[in-house]
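# Per-entry structural report
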Amino acid sequence: MVVDVTSALPHSIEVLTASRKVVTVRIKYPWRPTKCVPCKVFGHNECNKKMVAEIESDKIAMKAPSVAPNMVLVMKASKDDALAGFVSTTPVLPTPTTPVPVRIVQNSLAPVQMLLLSVVMNQKSFVVSFVYGFNQVGAKRQLWDELRMGLGLVGNQPWIVLGDFNAVRWQQERSDPTTFYSASAGEFNCCSEDIGVEELNSTHPWFTWSNKRLGNDHRCSRIDKALVNS
């Protein structure tokens, strides 16, 4: 199958089976790259001096309530709706009938690892950073630097940083101690100290990721976290 990358990615394809029956197969994307809409270039960030992310969804079956200009409507999402770890699978925001004013404060540089939002809820404002960290060491360091830059935008406001960091802070967060790298964990901890956040306690299972293998090859890690400032 050939897909035109300059057009919107398909949500389904039709497959002709051996019995000559046409079957529609839905497509789910665990991750999609950012794309500059005006010039249709992936990872491009020169247009208007900022990254333009193209986010498509076929999940919203109702007409969205109107939201003030420069605001984004945040709605409750299912696990299938979670985009690369940016959306919590545990509903913490109002139901879809309740719009929440959200202003995009900062987009992470390409490749996208963080989205910084200013939220107003019940006449109270706070800042949320949704994180999806990459595996590469260099990309992780870029994420730590961007979180430090975000501190300047947050100021004294309440701030929660949550998502899949693809990194651990302590040895007990790896089921296999031989896969724990103190240098990488140290960089994570230094960033947490620099931006003044601490990890929230969790009541769910300790490990949040596994390689889904059996026996001696099974590995688990605690890479999903929620950090808050004091």
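Presented here is a report on the structure given in the accompanying data block. From a predicted model like this one, the values you see are computed outputs, not experimental measurements.

The end-to-end C-alpha distance of helix 1 (residues 137-154), which contains 18 residues, comes to 26 Å, matching closely the 26 Å that a straight helix rising 1.5 Å per residue would cover. Looking at helix 1, one finds that the buried residues are Ala-139, Lys-140, Leu-143, Trp-144, Glu-146, Leu-147, Gly-150 and Val-154. Each buried residue of helix 1 sits inside an arc of 165 degrees when the element is viewed along its axis, so together they form one side. In helix 1, the exposed positions that point more than 90 degrees away from the buried face belong to Val-137, Gly-138, Met-149 and Gly-152. At the exit of helix 1 stands Gly-155, carrying a positive phi of roughly 65 degrees.

Further remarks concern the nonpolar core. Counting 17 residues, the largest nonpolar core has Trp-144, Leu-147, Trp-159, Val-161 and Phe-165 as its most contacted members. Elements that contribute at least two residues to this core include exactly strand 7 (114-121), strand 8 (124-132), helix 1, strand 9 (159-164) and helix 2 (182-195). A per-element tally of this core places helix 1 first, with 4 residues. Beyond its immediate chain neighbours, meaning those up to four positions away, Trp-144 contacts Phe-165, Ala-167, Glu-187, Phe-188 and Cys-191. Core analysis: the next-biggest nonpolar cluster, separate from the first, contains 5 residues, Val-119, Val-128, Phe-130 and Leu-162 among them.

Reading guide: rules and limits
- Residues numbered from 1 in each chain as written.
- Predicted model: local features only at pLDDT ≥ 70, side-chain atom pairs only at ≥ 80, totals over all residues.
- Heavy atoms only, no water.
- Helix = DSSP H or I, 4+ residues; strand = E, 2+ residues; numbered from the N terminus.
- Expected span 1.5 Å × (residues − 1).
- Buried < 20%, exposed > 50% of the residue type's maximum accessible area, 1.4 Å probe, protein only.
- Arc of directions from axis to C-beta.
- Core = buried A, V, L, I, M, F, W, Y, C linked by side-chain atoms within 4.5 Å.
- Contact = heavy atoms within 4.5 Å.

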